[in-house]
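# Report on the structure
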Amino acid sequence: MRSLRYTLLGGSVALLTLAGGCPTDPTVPGDSPGGGTVVSGNDPGPSGGNPPPPSAAPQTQSFDGEFSGDAQRVSAYRDTLTSEEAHHLLRRTSLGATSREVDDAVARGLSATVDALLAYTPPASEVVALAESYEEDIRKRWQVHLMESPNILHERMAMFWHDRFATSARVANDYRERNLPYQHWMMLRRNALGNYRQFLLDLTLDPLMLLWLDGADSPKTNPNENYCREFWELFTLGRDTVYVEDDIKEGARAFTGITLLYEHNMDPRPIFDLYNHDETDKLVFPGRAPTPQNYNYVSLTDLTLAQPEAPRYVARNLFVFFVHDHPSDAVVQELADLLVASNWELRPLVRKILTSQALFSQAARFNQVSSPVEHYVGVARTLSMHIHSEDSQGYIMDRLVNDLRDAGQELLNPPGVEGWSEGEHWLQDQWVMSRANALGRTMEYGDARYPRLPYHLLPPTSTWTEREVRGQIVDALARAFHLPLTAAERDIYIEVLDQNGHRAFHLLNPNQQPSHVFEVIRLMAMDERVITR
């Protein structure tokens, strides 16, 4: 993977080769990160209290056998986790985690931590109210839940299915359809860790999906093949498996009769119109299904899930999502068998993957590139950054969701039926610049709701006039990101604090210090070991 270590000074993005030193001609920004006002010298950062962290570079906790799982086994990994293993688990499930959350996972052990992640806790009423304040803007509502919900694994799974069952709000053009994106979003979240069969039935009748893939316009006189094709190719069986074009034509007839009913002052709702449903027999999967039958959307779903390719397709997709992209056939089959034995309940399958040896193998480390939304949420959760209200944040959410859109990802608006292209596709230069801009949308940090900076992680501001504090700041932030630094890398971050020697950080006007610290945060957040997981 190409280098992703960036420095972001004065609003520009320059590739930083750590072995080659800090970029030249840095500027001292006059505004605070994110375009707000300059943080004053009276910024309410802690000025006393705990002693500053030690200046030594952060060390990763390790012992012989760390990440020693077999990449091709889904039997249980040992329950005792190291700090780095716990951090790895929480990045895969929660996108990011504070040091306290990592310590809690180490104390609980693997099994109890995974059980806690899979459990559902009702979000605080303040979080729900803040999300609801954005009304029909699902991008912002979802962003609030991703940052603040205690059920981050559920939200992450909903994002996974949103990508796999890609559907766009842009097809809801009629004013009567304005609530359909919200209904679709709630359907994804409701089913994210539920029963896959029920998920498919709900998806088939989802009004936004009926518009997106033309299922609402498929009478028996003119069956539309779009939904049936994607139902098999993207949702259940995969490309080029058991079905052929004749199966798609026959299957499309089974999906006829579903349409949307528009009534005055009511949201459009799906109905099954028997008059427009093709009641004749359909020959689907000849050689596997015994005889032609009068399939409808329910019985065709059941026929599809009865094919051995279906549980293997779902199992493989979930394994690749959490672990790595080259599971053996035996691993896929073991997970598929569990899914069928669990009557298509997703929780047992996800639990098996999250406690597996494969997840804690060397093959599962730093092999995924975070999407823009995942990256931002991961950094926010790592630094305990929160949005408490729009008033307190200066109406920053508009700018944030637009930056993430410009970085290539706008929730509820995927580019096509196959969702977003992933991996290094996310790292196009302009998209990376927009991603860096998004990371400048800073909010409030820690329980004390510090503005601009995570002062709860940093040495007391009363010590910022001391030369040694520069290294302490760098070490504290590196620990938060679980980012082991070489001596050369540490020196470069210190140079960033000093603006490459333009003026030593400890001699700066206090008004300027916070913006220098924030540039170190953005630089670390753009490190390839933070963008990847």
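These figures come from a predicted structure and were not determined experimentally.

Quick notes on the rules
- Residues numbered from 1 in each chain as written.
- Predicted model: local features only at pLDDT ≥ 70, side-chain atom pairs only at ≥ 80, totals over all residues.
- Heavy atoms only, no water.
- Core = buried A, V, L, I, M, F, W, Y, C linked by side-chain atoms within 4.5 Å.
- Buried < 20%, exposed > 50% of the residue type's maximum accessible area, 1.4 Å probe, protein only.
- Contact = heavy atoms within 4.5 Å.
- pLDDT = per-residue confidence, 0-100.
- 1 Å grid on protein atoms, 1.4 Å probe; cavity = no way out; pocket = protein on both sides within 12 Å on 5 of 7 lines; lining within 4 Å.
- Points joined across faces, edges and corners; volume = space filled by probe spheres on them.
- Helix = DSSP H or I, 4+ residues; strand = E, 2+ residues; numbered from the N terminus.
- Nonpolar A, V, L, I, M, F, W, Y, C, P; charged D, E, K, R; others polar.
- Salt bridge = Lys/Arg side-chain N within 4 Å of Asp/Glu carboxyl O.
- Pairing = 2+ DSSP bridges.
- Phe/Tyr/Trp six-rings, centres within 6.5 Å; stacked < 30°, edge-to-face > 60°.

## Re the nonpolar core
Met-157, Trp-161, Trp-232, Phe-235, Leu-318, Phe-322 and Met-524 are the most contacted members of the largest nonpolar core, which totals 150 residues. Look past the residues within four positions of Met-157 in its chain and what remains in contact with it is Ala-192, Leu-193, Leu-318, Phe-321, Phe-322 and Val-350.

## A word on the confidence of the model for the chain
Close reading of the predicted structure is inappropriate where its pLDDT is low. Here the chain shows a mean pLDDT of 87. Residues at 70 or above account for 86%. Across residues 1–44, where pLDDT falls below 50, the model places 107 contacts with residues more than four positions away in sequence or in other chains. Counting contacts from residues 48–63, a segment whose pLDDT is below 50, to residues more than four positions away or on other chains yields 33 contacts.

## Concerning empty space enclosed by the protein
The tally for this structure, following the rule as stated, stands at five cavities of 30 Å³ or more. As a volume, the largest cavity reaches approximately 60 Å³. Counting residues per element, the ones that place at least two in the lining of the largest cavity are helix 16 (372–382) and helix 22 (513–525). Ranked by residues supplied to the lining of the largest cavity, first place goes to helix 22 with four residues. Taken together, the residues of the lining of the largest cavity break down into nine nonpolar, no polar and one charged.

## Digging into the pattern of salt bridges
Close approach of charged atoms lets side chains of opposite charge pair. Tallying each qualifying case throughout the model produces 33 salt bridges. With a shortest N-O distance of 2.7 Å, Glu-418 and Arg-239 are connected by a salt bridge. Here Arg-239 lies in the loop between helix 10 (226–236) and helix 11 (245–254) and Glu-418 lies in the loop between helix 18 (397–406) and helix 19 (429–439), a separation of 179 residues in the sequence. The class of Arg-239 is partly exposed, set by a relative accessible area of 48%. Across the pair Arg-449 and Glu-444 runs a salt bridge whose closest N-O atoms are separated by 3.0 Å. Under the relative-accessibility criterion, Arg-449 is labelled partly exposed at 39%. Several salt bridges converge on common partners, so that one network encompasses Asp-137, Arg-139, Lys-140, Asp-398 and Glu-410.

## Here's the deal with the sheet that holds strand 6 (residues 444–445)
If you walk across this open sheet you meet the three strands as 5-6-7, and the pairing is antiparallel. Across the chains shown, the open sheet's two edge strands, defined by having one partner strand only, are strand 5 (385–386) and strand 7 (450–451). Note that strand 5 and strand 6 share two bridges and pair antiparallel. Across the sheet, the residue bridging to His-386 is Glu-444, located in strand 6.

## Thoughts on the environment of Val-127
Following the sequence through the fold, Val-127 ends up in helix 4 (residues 125–132). Note on Val-127: relative accessible area 13%, which makes it buried. For Val-127 and Arg-141, which are 14 residues apart along the polypeptide, the C-alpha to C-alpha distance reads 9.7 Å. If we skip the residues at most four places from it in the chain, Val-127 touches Val-144, His-145 and Glu-148.

## So, the packing of aromatic side chains
Scanning all chains against the criterion turns up 25 aromatic pairs. For the pair Tyr-196 and Phe-199, a centre-to-centre distance of 6.3 Å together with 75° between the ring planes defines the contact as edge-to-face. Here Phe-199 and Tyr-196 lie together in helix 8 (residues 196–205), a separation of three residues that amounts to about one turn. Phe-199 matches Tyr-196 in its accessibility class, with the two residues each being buried. Taken together, the aromatic side chains of Phe-160, Trp-161, Phe-165, Tyr-196, Phe-199, Tyr-227, Phe-231, Phe-235, Phe-255, Phe-321, Phe-322 and Trp-344 make up a single cluster linked through ring pairs.

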